[in-house]
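Letter by letter, the chains look like this.
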Amino acid sequence: MKRLFAILVVSVSVCVACKKSSSPVTGNSVQQKDPDSTVFISATINGGSWKTDSAFGYKVKYSGNDSSTSNLLINATRTNNGGSTTISFNITRFKGPGSYPVNPPLVTATYYVGTQRHFATTGKIDVLSDTAYALRGKFSFKADTITVDNGNFDVALP
């Protein structure tokens, strides 16, 4: 009987301890510092204006617990009636703000028209600021017959 009573007490204690609080959460979620942020990537491509408000930046850390090295990936897609186009950047061993000349495969810029890829052979990506919430910069590159000038980006980081 004592054993049954002990099991009952432990079971009730576990159930009470696991009960979900009914009160609202009082902590703040992670928010962008600037609520009026204008996340975008824009450029002039072969003389025409290109802009999207759907742009994402990712920092991919190297494996290993003590590694502070990461790669930077930026991706933006524009969809319209004629299909989709995408601008994509990859900076291997990203070290923060600075100038990164296109140097495949370490620093790449790619322009996609649907599934057709145009890899940049010359150009540069200038990262002007890197905060906990946003990454801002400028870029230009040449890929096959495609010239991308006056590029700007402001992307949110996860």
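Note: the structure precedes this text.
On a predicted model such as this, the values are computed, not experimentally measured, just so you know.

(A) Structural context of the overall build of the protein. Looking only at helices and strands, the protein has one helix and eleven strands in total. Scanning the protein from its N terminus toward the C terminus, one meets helices and strands in the order α-β-β-β-β-β-β-β-β-β-β-β. Put simply, the protein has 158 residues, and 30% of those count as buried. When contacts within the protein are restricted to residue pairs at least 6 apart in sequence, those whose partners lie at least 24 apart make up 44%. Summed over all atoms, the accessible surface of the protein reaches about 10,600 Å², with 56% contributed by carbon and sulfur.

(B) Geometry of the side chain of D154. Among the structural elements, D154 can be located in strand β11 (residues 146-156). Only 3.2 Å separates the side chain of D154 from the side chain of R136, close enough to count as a polar contact.

(C) View of the nonpolar core. Judged by nonpolar contacts, the single largest core of 29 residues is most densely connected at I41, L135, F139 and F141. Residue assignment for this core shows that the elements contributing at least two residues are β1 (40-45), β4 (70-80), β5 (83-94), β7 (107-113), β9 (122-130), β10 (134-143) and β11. The residues contacting F141, other than those within four sequence positions of it, are I87, F89, A109, Y111, A120, T122, G123, I146, T147 and V148.

(D) Representation of a nonpolar patch on the surface. A surface patch of nonpolar side chains, amounting to about 330 Å² of accessible area, comprises F56, Y58, V60 and L73. Relative to the assigned elements, L73 resides in strand β4. Taking relative accessible area as the criterion, L73 reaches 30% and is therefore assigned partly exposed.

(E) Looking closely at the pairing of strand β2 (residues 48-52). Here β1 runs beside β2; their pairing, made up of five bridges, is antiparallel. Looking across to β2, one finds that I41 is bridged to T52.

(F) The pattern of salt bridges, seen in detail. Across all of its chains, the model carries three salt bridges by this definition. Measuring nitrogen to oxygen at the nearest pair gives 2.8 Å for the salt bridge that ties K59 to D130. With K59 in strand β3 (residues 55-61) and D130 in strand β9, the pair connects residues that are 71 residues apart, well separated along the chain. Since its relative accessible area comes to 23%, D130 is described here as partly exposed. The closest approach of N and O atoms between D126 and K124, which form a salt bridge, is 3.4 Å.

(G) Seen up close, unusual backbone geometry. Following P104, the chain continues into P105 via a peptide bond in cis, with omega recorded as 5°. As for its placement among the helices and strands, P105 is situated in the loop between β6 (98-101) and β7. Located in the positive-phi region is D144, a residue other than glycine, with phi close to 55°. With respect to the element layout, D144 can be found in the loop between β10 and β11. The phi torsion at N150 lies on the positive side, around 50°, for a residue other than glycine. Here N150 lies in strand β11. Classification of N150 by relative accessible area gives exposed; the value is 58%.

Each value, and the rule that gives it
The written sequence of each chain sets the order in which its residues are numbered from 1. Side-chain atom pairs in this predicted model are given and counted only at pLDDT of 80 or more, local residue features only at pLDDT of at least 70, and totals for whole chains, interfaces and linings cover all residues. Side-chain descriptors were evaluated using all non-hydrogen atoms of the structure, hydrogens and water having been removed beforehand. Secondary structure counts use DSSP, requiring at least four H or I residues in a row for a helix and at least two E residues in a row for a strand, with both numbered from the N terminus. Relative accessibility under 20% of the residue-type maximum defines a buried residue, over 50% an exposed one, and the middle range a partly exposed one, all with a 1.4 Å probe and only protein chains included. Between two residues, a contact is recorded if the distance between any of their heavy atoms is within 4.5 Å. Reported accessibility uses the Shrake-Rupley method at a 1.4 Å probe radius. Residues are deemed covered only where the shown protein chains occlude them. For this analysis, a polar contact is any N or O atom pair within 3.5 Å, provided that within protein one partner can donate a hydrogen and the other can accept it, and provided that sequence-adjacent residues contribute only side-chain to side-chain pairs. Among buried residues, the Ala, Val, Leu, Ile, Met, Phe, Trp, Tyr and Cys ones that are joined through side-chain atoms within 4.5 Å form a nonpolar core. Patch building starts from residues that exceed 30% relative accessible area and form no salt bridge, then joins like charges within 9 Å and nonpolar side chains (Val, Leu, Ile, Met, Phe, Trp, Tyr) within 5 Å. For this analysis, a salt bridge means a side-chain nitrogen from Lys or Arg found within 4 Å of a carboxyl oxygen belonging to Asp or Glu. Only strands joined by at least two bridges in the DSSP assignment are considered to pair.

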